[in-house]
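# Notes for the structure review
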Amino acid sequence: MTSPIPMTYSAEVAAALEAGTPLVALESTIITHGMPFPQNVETARLVEQDVRDAGATPATIAVLDGTLHIGLEDAELDQLGQAEGVAKLSRADLPACIALGGTGATTVAATMIAAHLAGIAVFATGGIGGVHRGWETSLDISADLQELAQTPVTVVAAGAKAILDLPATFEVLETLGVPVIAYGQDHLPAFWSATSDMVAPLRMDSAREIATAQVVRNRMGLPGGQLVCNPIPAEAEIPAETLAPIIAQALADAHAEGIAAKGVTPFLLGRILELTDGKSLDANIALVRNNARLAAAIAAHLV
């Protein structure tokens, strides 16, 4: 497997690509910017195993010393989990990090790009980025939305992160022509909460239907992927009414401390973790694992 950029595959991913068996891409910012070591590595391994148990091969994506890794060996995962000063890579940063020999963790946008380069059609994450609250003055809108509109990868998430302006996020996705599919229900999930008052534009009830929709989209020559909004398991969710004042407090704290740009999301997630006594992290792990299992089922219909 040759590449125009420094790119390598884990032994497991290389074997799956050679055999033509299902693959699921996984991001790495959850490892570097989501939780401390060793919990970050333990969680990453749990998610990878969920993908395997559901019949696919996990491909955790990151840049290590200027090389794009499609799948991480055990030692590389440990290395990334303990590294300091790891860059957070989106579309704008990914080529620069590779060119400068840096180390970086991939966001949704960068993971989609890398997955497509590697020929992987499905990606599981926690929640996508989107339109931040207060966007009217900050214009803080994640590159994830544009990426969904142009890169043909199916992204399985528990919706957009609940710290965002969710109605505005889904309005932008509609404008960009991105299919937004609620899995098994009529309303969109809201990350830590299984449902919301937002009616889903599309509903699909099986992995086969979701895979077929992406195949048809590709055959029509339409750019972009699709966002599959998979509700968090009911036993792990935090009700929206419980979260609302907590998110408001975290947003106020971020404003008071002058947190901006790429620092906003990690700060808010960390502050919400404190304010929920760790429950938000438990919910986050549960929803990521749930998304990994659905992504593997979708991937099985795309080989």
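See the structure shown above.
Residues numbered from 1 in each chain as written. Predicted model: local features only at pLDDT ≥ 70, side-chain atom pairs only at ≥ 80, totals over all residues. Heavy atoms only, no water.

### Concerning the environment of Gly127
This is how it is decided: Labels follow the DSSP assignment, with helices taken as runs of H or I lasting at least four residues and strands as runs of E lasting at least two, numbered in each case from the N terminus.
Position of Gly127 among the secondary structure elements: in the loop between β7 (122-124) and α7 (135-138). As a C-alpha pair, Gly127 and Phe191 span 64 residues in sequence and 6.3 Å in three-dimensional space.

### Quick look at the pairing of strand β2 (residues 23-26)
Let me state the cut-off plainly: Under the scheme applied here, a residue whose accessible area is under 20% of the maximum for its type counts as buried, over 50% as exposed, and between as partly exposed, the area being computed with a 1.4 Å probe on protein chains only. Strands pair, by our definition, only if DSSP identifies at least two bridges between them.
Taking every second residue as pointing to the same face, both faces of β2 are buried, with Leu23 and Ala25 on one and Val24 and Leu26 on the other. One ladder, built from 4 bridges, connects β2 with strand β3 (residues 57-64); its direction is parallel. Along β3, the bridge assignment pairs Val24 with Pro58.

### Points about the pairing of strand β4 (residues 67-70)
Along any regular strand, the residues point their side chains to alternate faces of the sheet. Of the pairings in the sheet, the one linking strand β1 (residues 7-9) to β4 comprises 3 bridges and is parallel in character. Residue pairing across strands places Thr8 opposite His69, the latter belonging to β4. Looking at chain direction, β3 and β4 are connected through 4 bridges and run antiparallel. Its bridge partner lying in β4, Ile61 is registered against Ile70. Taking the residues that link successive antiparallel strands as the turn, the β3-β4 hairpin has 2 residues, and the phi of Asp65 there is positive, at about 50°.

### Points about the pattern of salt bridges
Formally: Salt bridges, as used here, are contacts in which a Lys or Arg side-chain nitrogen is within 4 Å of a carboxyl oxygen on Asp or Glu.
Per the counting criterion, the structure on display carries 11 salt bridges. One salt bridge connects Asp50 with Arg293, and the closest N-O pair in it is separated by 3.5 Å. Taken together, the residues span a long stretch of sequence, with Asp50 in helix α3 (residues 39-53) and Arg293 in helix α13 (residues 279-300) at a distance of 243 residues. The exposure class of Arg293 is partly exposed, given its relative accessible area of 35%. The partner of Arg203 in a salt bridge is Asp186, and the shortest N-O contact between them spans 3.0 Å. Of the two residues, Arg203 is situated in strand β10 (residues 202-204) and Asp186 in the loop between β9 (180-183) and β10; the sequence distance between them amounts to 17 residues.

### Structural notes on the environment of Gly85
With respect to the secondary-structure elements, Gly85 resides in the loop between α4 (74-82) and β5 (87-89). For Gly85, a relative accessible area of 79% puts it in the exposed group. Separated by 18 residues in the primary sequence, Gly85 and Thr103 place their C-alpha atoms 8.6 Å from one another.

### Some remarks on the side chain of His132
We count it as follows: Residues are treated as being in contact if the distance between any of their heavy atoms lies within 4.5 Å.
Examined against the element boundaries, His132 turns out to sit in the loop between β7 and α7. With a relative accessible area of 10%, His132 lands in the buried category. Aside from chain neighbours lying at most four places away, what touches His132 is Asp140, Leu164, Asp165, Val264 and Thr265.

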